[in-house]
Amino acid sequence: MAVQKTEVVNSSSGLSRQMSKSTQDILRQVTTPEIVIGLCGPVGSPLVECAKILDDQLRTTFNYDVLVIRLSKFIEELSGTKVPASGFERFNTLINKGNELRNNYGNSILAEMAIKDIAVYRRTRKFEEPSEEVAIGRYVPSRTAFIINSLKNTEELSLLREVYGESFFLLGVSSGMQARVNKLKTQMNESELWQLIDRDSGEESKSGQSIRKIFHKSDYFITYDSPQDDLMRRKTVRFLNLCFRSEIETPTFMEQAMFAAYSASLNSACLSRQVGATLVDLCESRILSIGWNDVPKSGGGVYLNRTGNHDDSRCYNLASKRCYNDHEKSEMVQLIIDELQKNECLKDGQDLQVRGILMNGRIGQLLEFSRAVHAEMLALINARSVQFGGGVQLGLFTTTYPCHNCARHLVAAGVKRVYYIEPYRKSLAVKLHDDSIEESDEDENGVKMRLLQYEGAAPVRFETFFAASDRKREDGSVLATAKTSVETVKPFKLESIPIIEGMIVKHLENKSVVKL
Ligand SMILES: [Zn+2]
């Protein structure tokens, strides 16, 4: 809807004049095309190569200034340690010193330092004093991109999302295990590299880094095995095109299938987690059925939302209002404690400690007492009405890595490939079924079912990436903004960001980490 031009009376002269700008135009002036891209990926992934492509493309195609911020730089600066240039000792020192810093200054310290760098950079930009149109002084909008390499934990991610909102994008970059091993092999020996891969994926200490906990929260996923190829550049450019909506892009089949899985997951009333799955025909790129985790209902299917109808016996709706899986595990632990006490194996007051130990161990990981049918299983069951003709190759897209129970049913159903976003540590799928399941896509002639990292737009960011804005002019021709002047869909407000950044810088000063 067009905003009306306002006629104002200049009281001193008594002359009226037409304001040249609409209110929307004025508000648009307080936004800035700045974009903040965080990278994350398991050790050995081509993050540096990806940052280089982003840097190059943003400058040459999108007319941006680029500031690449390496978080490892802050580890060296703050700890005063000279980190070796390469090799196992480099990674090891960075992880140790990084943990020390998080321990001393809080888990988001490295992201705070990145924000400080952005704030410092902003202070070098042109500042505009208050005027007729600008209520308070502000920085002049600039086409600047900040690339942060690389994020390691949840607190860093939350802080950057909190400050930069929709203008922050997390790009998850990964390679298959073999490619990562090959890359690391040039820098360290076999035992060192496995130690590093294990440590990088997730540490138990609270201040430890944990790629495993943030990778699946990426806004976009790129997988690639040999970064010297042009394919990586093309994949990275598609991500940028989506951030700026600079070309008409529609979802790939993979993205459609994962989005269907995500939307199915929202049907779940499970108290533990919401998982969705889409069963597809890989040959025809056709969706066959969807499923989500929920309690089965007699007569077939699972309970659904029925407003005003009480035929809903999902856990949240039962008198006990509790998760049956948790309850059963808790009872199992209590039985063990009772037995130990009866046999005088426990001293007084030790029961709570023993309960903690047992629940944190393998018993806590049990999942068989849940009342829900899992998403993958429901997708298979729902597909029973679909007639598979000859030559159908089954694939499954699931928001979460399948548990071993579902995985074995997927194998039995002849599924060839499974794509997932979020890992699921409790799953023993490969451990129990290494004869029929593998996580690698390298053997082209392999007959095992593959469990693979999903690639493409994150379903939670679908609207940002794909919902159409104005696509054509009045005469019907395609409306294309030059890439050198495109902006992200929801650019952030320059009148608030410097204040928020200033608060973080102040906090760093109070912690005596920096002095500006
Ligand atoms: Zn399952």
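Reading the values: rules and limits
Residues numbered from 1 in each chain as written. Predicted model: local features only at pLDDT ≥ 70, side-chain atom pairs only at ≥ 80, totals over all residues. Heavy atoms only, no water. Donors = N, O, S within 2.8 Å, 3.2 Å for Na, K, Ca; no water. Helix = DSSP H or I, 4+ residues; strand = E, 2+ residues; numbered from the N terminus. Phe/Tyr/Trp six-rings, centres within 6.5 Å; stacked < 30°, edge-to-face > 60°. Buried < 20%, exposed > 50% of the residue type's maximum accessible area, 1.4 Å probe, protein only. 1 Å grid on protein atoms, 1.4 Å probe; cavity = no way out; pocket = protein on both sides within 12 Å on 5 of 7 lines; lining within 4 Å. Points joined across faces, edges and corners; volume = space filled by probe spheres on them. Nonpolar A, V, L, I, M, F, W, Y, C, P; charged D, E, K, R; others polar. Patch = residues over 30% accessible without salt bridge, like charges linked within 9 Å, V, L, I, M, F, W, Y side chains within 5 Å. Areas by Shrake-Rupley, 256 points an atom, 1.4 Å probe, with all protein chains shown as cover. Salt bridge = Lys/Arg side-chain N within 4 Å of Asp/Glu carboxyl O. Axes fitted to C-alpha atoms, helices over the stretch in contact; angles between N-to-C directions. Parallel < 35°, antiparallel > 145°, perpendicular 65-115°, else oblique. Left-handed = near helix turned anticlockwise from the far one by under 90°. Contact = heavy atoms within 4.5 Å. Domains from an automatic or database assignment. Core = buried A, V, L, I, M, F, W, Y, C linked by side-chain atoms within 4.5 Å. Pairing = 2+ DSSP bridges. pLDDT = per-residue confidence, 0-100.

## Observations concerning the coordination of the zinc ion
Argument step 1. The coordination sphere of the zinc ion, as far as protein atoms go, consists of His374 (ND1), Cys403 (SG) and Cys406 (SG), spread over 1.8 to 2.4 Å.
Argument step 2. Counting residues between consecutive donors of the zinc ion along the chain gives the motif H-x28-C-x2-C. In this pair, His374 sits in the loop between helix 13 (351-360) and helix 14 (375-382) while Cys406 sits in helix 15 (residues 404-412), placing the two residues 32 residues apart along the sequence.

## A closer look at the packing of aromatic side chains
Argument step 1. In this structure the tally under the stated criterion is 17 aromatic pairs.
Argument step 2. Taking 6.3 Å as the distance between ring centres and 80° as the angle between the ring planes, the aromatic pair formed by Phe169 and Phe239 counts as edge-to-face. Of this pair, Phe169 sits in strand 9 (residues 168-174) while Phe239 sits in helix 10 (residues 230-244), placing them 70 residues apart in sequence.
Argument step 3. Arranged with centres 4.8 Å apart and planes meeting at 65°, the rings of Phe462 and Phe466 form a pair that is edge-to-face. Remark: Phe466 and Phe462 occur in helix 17 (residues 462-466); sequence separation between them is four residues, near one turn of the helix. For the pair shown, Phe462 and Phe466 are each scored as buried.

## Side note on empty space enclosed by the protein
Argument step 1. One pass over the structure, following the stated rule, counts one cavity of 30 Å³ or more.
Argument step 2. Taken as a whole, the largest cavity spans an internal volume of roughly 30 Å³.
Argument step 3. What lines the largest cavity is Glu34, Tyr121, Arg122, Arg125, Tyr139, Val140, Ser142, Thr144 and Phe146.
Argument step 4. Within the residue set of the lining of the largest cavity, elements represented by two or more residues are helix 5 (109-122) and strand 8 (144-149).
Argument step 5. Taken together, the residues that form the lining of the largest cavity break down as four nonpolar, two polar and three charged.

## Some remarks on a nonpolar patch on the surface
Argument step 1. A cluster of nonpolar residues, Ile499, Ile500 and Met503, forms a patch on the protein surface that exposes about 290 Å² of accessible area.
Argument step 2. Looking at where Ile499 falls in the secondary structure, it is placed in helix 18 (residues 497-510).
Argument step 3. Classification of Ile499 by relative accessible area gives exposed; the value is 53%.

## Here's the deal with the packing of helix 2 (residues 47-60) against helix 10
Argument step 1. It is the contact of helix 2 with helix 10, at a shortest axis distance of 10 Å, that shows an interaxial angle of 55°. In terms of axis orientation, helix 2 runs oblique to helix 10. As for how helix 2 packs across helix 10, the hand of that crossing is right-handed. Together, Glu49, Cys50, Ile53, Leu54, Gln57 and Leu58 of helix 2 and Met232, Arg233, Thr236, Val237, Phe239, Leu240 and Phe244 of helix 10 make up the contact between the two elements.
Argument step 2. Along the lines of polarity and charge, the residues of the contact of helix 2 with helix 10 split into nine nonpolar, two polar and two charged.

## Points about the domain arrangement of the protein chain
Argument step 1. Taken domain by domain, the protein chain holds domain 1 (22-248 + 468-510), domain 2 (255-311 + 371-453) and domain 3 (324-365).
Argument step 2. One C-alpha centre belongs to domain 2, the other to domain 3, and the line joining them spans 34 Å.

## What about the layout of surface pockets?
Argument step 1. Each pocket or cavity is described by its volume, and for the second largest pocket that value is around 710 Å³.
Argument step 2. Residue lining of the second largest pocket: 32 residues in total, with Val48, Arg90, Phe91, Leu94 and Lys152 positioned closest to the centre.
Argument step 3. Of all the secondary-structure elements, those providing two or more residues to the lining of the second largest pocket are helix 2, strand 5 (65-70), helix 3 (71-79), helix 4 (88-105), helix 7 (177-185) and helix 8 (190-201).
Argument step 4. Here the lining of the second largest pocket gets six residues from one element, more than from any other, and that element is helix 4.

## Focus: the packing of helix 7 against helix 8
Argument step 1. Remark: helix 7 packs on helix 8, axes separated minimally by 10 Å, with the N-to-C direction vectors making an angle of 125°. Relative to helix 8, helix 7 is oriented oblique. For the pair helix 7 and helix 8, the sense of crossing is right-handed. Residues Met177, Arg180, Val181, Leu184 and Lys185 of helix 7 form the contact with helix 8, whose participating residues are Glu190, Leu193, Trp194, Leu196 and Ile197.
Argument step 2. Of the residues that constitute the contact of helix 7 with helix 8, the class distribution is seven nonpolar, no polar and three charged.

## Details of the pattern of salt bridges
Argument step 1. For the structure on display, the rule yields 30 salt bridges.
Argument step 2. Of the charged contacts, one joins Lys511 and Glu112 as a salt bridge, the two residues approaching to 2.9 Å between their closest N and O atoms. Here Glu112 lies in helix 5 and Lys511 lies in the segment after helix 18, a separation of 399 residues in the sequence.
Argument step 3. Each of Arg161, Glu166, Asp219 and Arg461 takes part in salt bridges that share partners, so that together they form one network.

## Notes on the nonpolar core
Argument step 1. With 47 residues, the main nonpolar core has Ile148, Leu151, Leu160, Tyr164, Phe168, Phe397 and Tyr454 as its most contacted residues.
Argument step 2. The greatest single-element share of this core, amounting to seven residues, is contributed by helix 5.
Argument step 3. When residues of this core are sorted by domain, at least three fall in each of domain 1 (22-248 + 468-510) and domain 2 (255-311 + 371-453).
Argument step 4. Ranked by size, the runner-up nonpolar core spans 31 residues in total, among them Leu47, Cys50, Phe62 and Cys243.

## Some points on the pairing of strand 9
Argument step 1. Of all seven residues making up strand 9, seven are buried, and the element is well covered by its neighbours.
Argument step 2. In strand 9, alternate side chains face the same way, and those of Phe168, Leu170, Gly172 and Ser174 on one face and Phe169, Leu171 and Val173 on the other are all buried.
Argument step 3. Sheet topology places strand 4 (residues 35-40) next to strand 9; five bridges connect them, and they run parallel. Residue pairing in the sheet places Val36 in a bridge with Phe168 of strand 9.
Argument step 4. When strand 9 meets strand 10 (residues 220-223), the two strands line up parallel, connected through four bridges. Bridge pairing in strand 10 links Leu171 to Tyr220.

## As for the confidence of the model for the protein chain
Argument step 1. Per-residue confidence for the protein chain gives a mean pLDDT of 87; residues scoring 70 or more make up 92%.
Argument step 2. Across residues 1-6 the pLDDT falls below 50, and counting only partners more than four positions away or on other chains, this stretch makes nine contacts in the model.
Argument step 3. Low pLDDT (under 50) marks residues 8-18, which in the prediction has 13 contacts with non-local residues, meaning those over four places away or in another chain.

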